[in-house]
Amino acid sequence: AMVEPDQPGNFGAALRLAACFGAALEVVEPTGFPLDERRIRRAAMDYARHVAFRRHAGVPAFLATMAAERHRLILLSARAETAYHRFTFAAGDVLALGSESRGAPAALAERVAAVVRIPMRPGLRSLNVVTAAAIGLTEALRQLDALPDT
């Protein structure tokens, strides 16, 4: 889940990431860029037919949907103590990432089941949000034996 993303290029990359790994993409608005059908098609390129994509009209709507569908929310944050590869992912987990400029809003951070981080060399702040999503997603899929076979 991309929560209030700022960068349209990252949105496109996240659509392609989800398509390539068979993951759904949740986008929590507002976004820092116009998100209309034309721009979604452009960002998705020819991957659009391969990705399940949903929009949520804000954090409260997203949280309500995730609770109703019984998804466990896992926040990926550079400030977490638990490393992502030491965390046990479960089927139905939703990996949430905050915006590129502000991180995760407090309303989301307060309601997640866990917060995990990607260990990095000291003195460096963070990875690109989609790079971090790819690392977290592939670890979750690896643990669940759900990586694509091809």
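Here the structure is shown first, and the text comes after it.
Note that the structure is a prediction, hence the values are computed from the model and not measured.

S.K.: What exactly am I supposed to notice about the sheet that holds strand 7 (residues 114-117) here?
M.R.: What links the strands of a sheet is backbone hydrogen bonding, and the strands pair in either a parallel or an antiparallel sense. On the basis of which strands lie adjacent, the open sheet formed by four strands has the order 5-7-4-6 and parallel pairing. Where the open sheet ends on each side, the last strands, each with one partner, are strand 5 (82-83) and strand 6 (94-96). With three bridges connecting them, strand 4 (residues 73-76) and strand 6 associate as parallel partners. Looking at strand 6, one finds that Ile 74 is bridged to Leu 95.

S.K.: Help me understand the sheet that holds strand 2 (residues 25-28) in this model?
M.R.: Taken together, three strands build an open sheet; the order of strands is 1-2-3 and the sheet is parallel. At either end of the open sheet lies a strand with only one pairing partner, and these are strand 1 (2-3) and strand 3 (53-56). As judged from the two bridges shared by strand 1 and strand 2, these two strands associate in the parallel manner. Looking across to strand 2, one finds that Met 2 is bridged to Val 27. Packed on one face of the sheet, helix 1 (residues 8-21) meets strand 1, strand 2 and strand 3 and runs near 155° to strand 2.

Cut-offs used in this document
Residues numbered from 1 in each chain as written. Predicted model: local features only at pLDDT ≥ 70, side-chain atom pairs only at ≥ 80, totals over all residues. Heavy atoms only, no water. Pairing = 2+ DSSP bridges. Helix = DSSP H or I, 4+ residues; strand = E, 2+ residues; numbered from the N terminus. Contact = heavy atoms within 4.5 Å. Axes fitted to C-alpha atoms, helices over the stretch in contact; angles between N-to-C directions.

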